[in-house]
Every structure is written in structure tokens, then in C-alpha cells.
Amino acid sequence: MLVLLCICTGFLAAFYFRWFPTQFINFLYITSTLEKATHIKTNPYNEICQVFRDGRKIYFKFRFLKYELQEDKFKPLEFEPKNANQLNTKEVQIRQLDYGQALMKIPMIGFLEFTLEELSTPFYTLQYLCVVIWLVQGFFYFAIVMMSCSLISTFIKFYLLRQSLKRLQSLAAIHQQVIVIRDDQLIKIDVNELVPGDIINLQTMIVPADCIITGMALLNEATLTGESNPVPKQTGQILFEGTKILEVNAGSTAQIIRTNYSTIRGQYFRNVLYPHKVTHKFYTQAMKFLGGFVIFNIIIAGATLVIYLDYTTELILANIFSTLTWIFPPAMPIFFSLTATIALLRLKNENIIGSNMDKIHISGQVDVACFDKTGTLTTNELTVIGLWDKQDCNICISCCHHICQSEGQLVGDILDLEMFRYSQSKIVFDKNDIQITSKDQKIYKIIKIFDFNSELMMMSVIVECENKYYLCSKGAPEKLQSKLNSHNEEMLLQLSFYVNQGYRVISLAQKEINQKDLNLDRMQLEANLNFLGYLIFENQLKNDTADVMKQLIESNLKVKILSGDNPLTTVNTAYNIGIANEVVKLFDIRNSEIVEIDIKRIEDKQQIIQQKSYLIDVKDLQNYIYTLNHQFALTGDFMEYCNLHKLDVPSLYQRTIVFARVKPHQKKEVIFMHQQLKCCVAMIGDGSNDCSAISQADIGVSFSQADASYTAHFSSLDQSIKCIVTILAQGRATAQTLSEIFPLYILLSFLATCAYTCLALEGQNYSDFQLLFLSFLCYIPIMASMTLTKALPNLSKELPLDDMYQLNNQLSFYTHVFIFTGGLLVSVAIIMNAENHHFDQPDPPIKDYLRRGMLNTATVIIAQIYSQFLPFIFIISKPFKEECYKNYAYMTYSILSFSITILFVFCKPTQQFLDLVDFNSEIDHFDIFLLLIMAGTIILDIIIQNILQIRFPRKRYL
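Residues numbered from 1 in each chain as written. Predicted model: local features only at pLDDT ≥ 70, side-chain atom pairs only at ≥ 80, totals over all residues. Heavy atoms only, no water.

- An unreviewed UniProt entry annotates the protein as P-type ATPase A domain-containing protein of Paramecium primaurelia.
- Looking at the protein in UniProt, the text filed under Subcellular location (unreviewed entry) is "Membrane". (UniProt positions renumbered as here; feature names shortened; annotations may be inferred.)

Take a look at the structure:
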């Protein structure tokens, strides 16, 4: 039935359903109960998935994941590791059916599939209508060349997409074999044959799937976190797919729990393959603008309808539809694709890889930039600058770490390594034993390690020394305070002093325990600790951070820091990079009370000038915040408090420059809230904790080639923060170019419509070659060369005004329309009222056009001249692009094209080439008159446009 409907409607139904998938679903499917359902509609994606039934199981597959009905809800199929027993052959076969192959397969789209999808968009559909009309009117060459250009543009986009997918394929592939325990045997298999529940022997290799370790191993998780520090893992912890095992204890095994796209790494790839669909403001506003212009054209067409009374019905219909082909520029999709492609190639030359063509234009409208701190604004390196101790800290700084040894070198977290070097101790690894000799020659033995916990924000070790046992702990000062047996004013003052200087401070504590307590729960052990002191680290800014931030701030971009670090340390970083000025108000929650801290930098030193704690009604708090005229810093705890009590979060976040001690989901929330305020947000980060925020942002930027950067729209191949300036500058240049080419093409098309109407007065039209020459040797090459202008390297305080529906752009455009249409009509009027003007008037009803004549010649030359000089008027180079004269391709073609035009005007032999007649055959020196008229309209338009640009600038200020 559907096929029959498409055939009967000339495939118009197919296009309609392609553009409106909801209508397709409503046409093809009816609502049903789950018991009878054959398909499931996924919300809000509007994708249809087939329902499968296997006994009592009901499931469907959506975007590489299997969703199974559990407790009246469809949930992703997950393996629950209840025990670590080996599998038998039958269990393996069942799980292969349930979970599929272990490795991700990146789907490679075929050329035919891509072409059908690309060429069924509204713009291309309009082009098909235009091609049919051109063929009916006899413009065969023109129609063929236009479709050829569209196919070439489609092929280029297909090639870029295939290259991107091939890159993903190479990144996703893991080519190796593993030893698995099945049926009481050790079997070597390909990693693709693994299933959840399999027990594998660990060795130095790439982890083939997410799995739970039994034993101990040292891993490089750079592909997950972006940081190359080796991470020790022990029994019960998860090894993530794609990470690399550097060393492993003999006999260590792991149970597979997630494979394919259900792994953490798989989710990153899934986000890349199915990015959030964004409706571009430029395109929606451009369509509104075009809609208004269509109404303008319809009014003109209605007023000139009397011209066509002497034509046959067939020719009248052809004229009406032909007018539509000029109103809607059929080659516009080519310029959209070309502009974005050139911008991405330029970024690639700067070692920046763009994975989403649509995002380059959006990057030109970014007005808020959010930065992760550690590893993004600052380096990953830490340096110990000192120790403030109240008791002997030697045992703690010597032993409270999880340092391992790989190939004779000490490896581990940077903080642990720096602390151990500062202790001047020596460490010996003897199989599973770790023995440490301190600088005062005391010998310690590590009994148990409680690794760093992101919720507790601390780690601990149990140490034996001279038959005594100690629990040593280190962690975030504000978290460790709740574990201490006592507090005093001095320790709080010292903490405030160091964090206000921007140092990273680690709190140290310990207590002696009995041997019988060694097996107690961690939470029981980590209580009633004795405070020892603070270890102070310095985490310096990257070399280019200050310069880049200065550029961003001078361009009036709103810069914010999103960090999991101490709030006072993060505020200090805000002062160092220049986004904080005067007083910053920090809001935190401690012991259910609101803590308000006023921070100010005095003589290059950060100081707390006021601190208070209070309980307050939510409405009073909101009203109080509204009265404040300060920059804010918020902690993650305060953000949770705001959400719980439903404060006006968006307006509060807009005035906040620092978000500290925030969790990954809170970073995403900050991005979302700014988007609710109609901000265009960029997120710049380097670790897995930034992935959700990067994915949520309008543009996401990562500085590494790690798996964590796969969610980013732009990835820099080096660690320089300058990449964000390059991306924004290129984005602004791209947005400006589009806002120039779009109205220019519309204007040239409208002038062609007017010329077409004037020619109809004498039964004339363009010849096939004339139309081909004007479009593909005048209009399109010049506009294509406009896209080659380079972006200026520095950012300005303005953004391109690419909203075509704005009054500024409307005034500018319609001024062009009236001036240049006037120049065309004046030229036509002079010709038609000349004493010696004559033409072969066809007898009515007119069945065909004349393709040659004085009017035809004049309109062709006018179109040529305007196509060469209008771009100079439309181009606004500064402050986004280089001057147009530095675009050598554009200038060369413009000069060449103008030279050819002059030849056509003054050299009679060349006029035959384009089916032109002698300019001066009817009016003496008409060639000079025509050039003067064109020059006069161009000069008049330049003067008026300069006046409008002063009064109604076509750019907006940040």
C-alpha cells in the first residue's frame, strides 16, 4: 500500500514521510497493547524498533543495545555478576544469543544509502523541481550541470563521513586473543568470542571488555581519563575496556560483565554515532526570512501577471514555476556544505579534528565558555612546596599511597609520587609485600590499602611498624575534618591561608589500631583520627593559559570554571586567569547551614574578608541573592541545596564564575541551565568526568586523543588551550561567510527573476548557454571563492549577526533589492523607449521564447557586473575575517570575470560567443551608459550601506 501510494503521488508521499517521520509512523502503525505489539516507538527519538519474543522474554534492539521487559519496564539488558564460576559450552552459546559479539562494530554507511538520505532533504527536493522546470524550458545543459554539482557535493560529504567512520573503526578495534576458562579448560580465543560471565586470565594486554578483577594489576587508563598515570586495581574493582594492563600479579583473573556498546567505552562511541540533533538558529531564521521574501515576490508576480496574457497556458505555467526556481536558490545546500568543509580542513591544519560538520557554524555564536581546571587550565603536574605539621607526619607521607613498580620504575598517581619523593623514603616490592624504609631508618610494612574513594575524597593504608599497627589517611581537608577526634582554630586558619594562595592542600591523619581491628570495615576504621598536618602542593597554570584567557576576557566572552577541586583553590585560579575581580562570594553548605564567604585579592594575595554561617528561609535567601552585586562561587553541595529547595537556579548560575567540588552530573547541569537562558555554551575538558558536560554543550572540546574525547565535537591533538580560540575564530568566520553568501545569492536570484520578467515583455528569455554561463561561471564560482577567506586569529567583542530575520539584516537586504532592481529597470526602460529599438514580436499566443535580442544582451551584462561587484559590498571582513583582497582565489576570479565582461561589452567578436547583440546598434554609446548606470547604483548602495552599518550594525556585541 505504501509503495503504491508513493508511485501514485510521484514519490511526493515518500518525501513527505521522510520530512515528517511522526506522520509516517501514524500512517503505517496503530497504537496497540504490549501483548499484541509488533513494534515499539522510542521517545523522544521517534524511531521504530521491532519487538521480539523468546518464550517469556520480550525485547527490542535500539541503537546497538538490547532492551528487555523487566518489571513492566523496558531496561537495557545487563549482566549481574553473582559468582565467578566458569561457563560451559551451552551457557556460552545462550549468552552469545543474548548479548551478541563482544566487540563494537562501527557501521559503515553505503554510498547509495547516504545519497538517498542526503538528496531527500527539502532543499534538494526543491532542486529536483527546478531541474524538471529547466528541462521543460529547454535548459538542458544547465539542469545537467546543476545536478552534477549536487552529486559532487554529496560525494565530498560522503567521503568525509566515511573517513570519520574509518577512524572510529580503527579506534574501536581490539585485535588480540585471550585465555578464557571454560569447561575446566584454558582456551585461547579471539576477544570477539567473549561473553558476560567469562573468566579470563589477565596478562599484559588491552582490556577487551569491562570486567571485575580477582587479584591485582597495574593499568594505564589514559584512554578513559586522558591521564597517563598508572592506576593500581585489586580484587573487586572494575577494569574498563580499552585500558592497558602494564603489570599483573600471577594468577589474577577477571570476570567479564559488559561487552560491546554496553561498556563505558562503548557508550562514548554510541554518543558519537548518534549525536544530539540540533536545529540551527541560522537555518530556521533563514527559512523565515525566505518565507517573507517569497510573499514579497508573489506580490510582484501578481502585479506583473498581465505581461503573460499573450502566452500559451503551457508557457504561463512554465513561467510561474520558473519564477519559483529563482526565488529559492537551488545551489544553496552546496554552499552550506562547502563553507563547513573548508572550515574543518582549516582546523585540521591547526591539529584540531572536528567530528561534526554542523558544529563549526554553531561555534561562531558561543558566548559562554566553561573550563575544567586540572589538566585543562592547569598542568597535571604537582610539586610539593612544604609541610605544615602539628605532629610527626613521616609515617603518613611515607606510606599513605598506592605506588607500584613497573619495569624498575615507580608508577602511580602524580600526587602519591610527589609526596613519596618528598618523604625521602625507600620502597622495596617483594612479591605481594611492600616494605618502606623512612629517612630516619624506620621500617614499615603495608598491610592493607583502602584506595581513594571519590565520594569520601580520601584514601587510607594500614601499616605495621615494630609490632604496632597504624591507620594512615590523607584526603580533602573539608572531608577529613569530619573524621578527626578534635579541631582547633589554628588548623582552620592555616588551611584558609594556603588554599587562598591557590595551593592544593592535602590533610594528613592517623591513629594506632589493634591487630584484632585489621579486618574491620573501612568506615569503622576511618573514624576518630588524630590530625597530623597539611601537605601543600602547587598546581601551576599551563604556559599559554594566561594569554588565552586574556583574549577570551577581552572579547567579553563569559568564562567559568567547573572543577572538583577545593573552592578556595579554584577561586584563586579564577583570580590568576583574570575572570574574578573585586569580591567573590562563595556559597557552601556545612552541617546543614549556609556558609557565605567573601573573598578578595589584596596586593596579589587572596584573602577572606568576611565569613558567616546561617539558617535562612528559601525565599529570603533567593531575595537576598538578587540584591547582591557580586560574582559568585558555588560548591556542589550548595547546588544540591538549591535544586532541593527549588531556587531560581538559572539566573544564579549565570552570575557564577566558579563551580567547585562538583560531580560529573553537576557539570552537565551547569551547561544545561545556561542553555535554558539562550546561551550558546562551549565545554572544554580532558577527562571522563567531563564527558557528560561535553556531550551536553553546544560545542565540546577535548585536549587528548583518549576515548573520553570521542564525545567532543572538536579534539585537539596537542594540550594547548589555544585551540579554543582557533575554533571560535574559525566558527565566527564561517558564520559571517554564511550570513554574506545567503542574502547575496537570494539577491542575485531576485535580480534574475526581475530580468526574466522584463524579458517576457518582448517574448525573450535566456539561452541555455547564457544561463549556464551566469550560474556556473559567474555566480557560483565567485560565491564559492568567498568561502576561502581566512579567519582572523584573534577574537573581537562582536559576534556575527547571522539571524537573517533581524531588522539590521532586513534593512540592509531590502536596500540592496530596491537600489539594484532600480538600476536594472532603468536600463530596461532606456532600451524599450529608444527610438531605434526594434524586436521580432512573436504573434500571440506566444508558444516559444526568443533567445537573442537587445533586452536579452543588456540583462546578461547587468547580471555579470552585479555578480562581480555585489560580493565586495556584502563582505564584512573585520573583525572576523581577513580583508577580501588577501583571498587570492576570490580576487583572481573576480578580476578575470570582470575582464571577460568588458570584452563582451566592447569587443564585438566575443559577443557571438554568448549569443549577444551589438550594444550600440540601437542606442549610441549605450555600452558607456550601461556601465555608468551600474557604477552609479553600486556607489549609491555602498554609501547607504555604510550609513546603515553605523546605525544598524550587522553584528552583535557580547
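Having seen the model, we can carry on.
### Some details on the nonpolar core
So, point 1. Phe 742, Met 783 and Leu 870 are the most contacted members of the largest nonpolar core, which has 79 residues in total.
So, point 2. When residues in this core are grouped by element, the largest group, 14 residues, is from helix α26 (residues 723-760).
So, point 3. One finds Ile 462, Val 658, Ile 721 and Ile 724 within the second-largest nonpolar core, a separate group that totals 70 residues. (Core = buried A, V, L, I, M, F, W, Y, C linked by side-chain atoms within 4.5 Å. Buried < 20%, exposed > 50% of the residue type's maximum accessible area, 1.4 Å probe, protein only. Helix = DSSP H or I, 4+ residues; strand = E, 2+ residues; numbered from the N terminus.)

### Digging into the sheet that holds strand β36 (residues 714-716)
So, point 1. Strand order in this open sheet of 11 strands is β16-β36-β35-β34-β17-β28-β33-β32-β29-β30-β31, and the pairing throughout is mixed. The sheet is open, and its two edges are formed by β16 (352-354) and β31 (605-614), each paired on a single side. The sheet shows a mean angle of 20° between the axes of neighbouring strands, direction not considered.
So, point 2. Relative to strand β35 (residues 699-702), strand β34 (residues 681-685) is paired through four bridges, and the arrangement is parallel. The partner of Met 683 across the bridge, within β35, is Gly 700.
So, point 3. Contacting β29 (583-590), β30 (593-602), β32 (631-635) and β33 (656-660), helix α22 (residues 636-644) runs over the sheet at an angle of about 90° to β32. (Pairing = 2+ DSSP bridges. Axes fitted to C-alpha atoms, helices over the stretch in contact; angles between N-to-C directions. Contact = heavy atoms within 4.5 Å.)

### Regarding the pairing of strand β6 (residues 73-76)
On any regular strand, side chains alternate: one points to one face of the sheet, the next to the other face.
So, point 1. Across four bridges, strand β5 (residues 65-70) lies against β6 in antiparallel orientation. Note that in β6 the partner of Leu 69 across the bridge is Phe 74.
So, point 2. Hairpin connection between β5 and β6: a loop of two residues separates the two successive antiparallel strands, and Glu 71 in this loop has a positive phi of roughly 55°.

### Quick look at the packing of aromatic side chains
So, point 1. Tallying each qualifying case throughout the model produces 21 aromatic pairs.
So, point 2. Between the aromatic rings of Phe 60 and Tyr 67, the centroid separation amounts to 5.3 Å while the plane-to-plane angle is 10°, which identifies the pairing as stacked. Here Phe 60 matches Tyr 67 in class, with each residue buried.
So, point 3. Taken together, a centroid distance of 4.8 Å and an interplanar angle of 65° make the contact between Phe 820 and Tyr 866 edge-to-face. Of this pair, Phe 820 sits in helix α28 (residues 807-832) while Tyr 866 sits in helix α29 (residues 854-874), and the two are 46 residues apart along the sequence.
So, point 4. Phe 820 gets classed as buried once you look at its relative accessible area, which sits at 0%.
So, point 5. We classify Tyr 866 as buried; its relative accessible area is 1%.
So, point 6. Taken together, the ring pairs in this structure connect Phe 60, Phe 62, Tyr 67 and Phe 74 into an aromatic cluster.
So, point 7. Its end group placed over the ring of Tyr 59, Lys 66 keeps NZ or CZ at 4.1 Å from the ring centre. (Phe/Tyr/Trp six-rings, centres within 6.5 Å; stacked < 30°, edge-to-face > 60°. Lys NZ or Arg CZ within 6 Å of the ring centre and 35° of its normal.)

### Structural notes on unusual backbone geometry
So, point 1. A positive phi angle, near 60°, is found at Gln 424, a position not held by glycine.
So, point 2. Structurally, the position occupied by Gln 424 is in the loop between α15 (414-423) and β21 (426-430).
So, point 3. Accessibility expressed as a relative area gives 55% for Gln 424, which makes it exposed.
So, point 4. Located in the positive-phi region is Asn 467, a residue other than glycine, with phi close to 65°.
So, point 5. Relative to the assigned elements, Asn 467 resides in the loop between β24 (458-465) and β25 (468-475).

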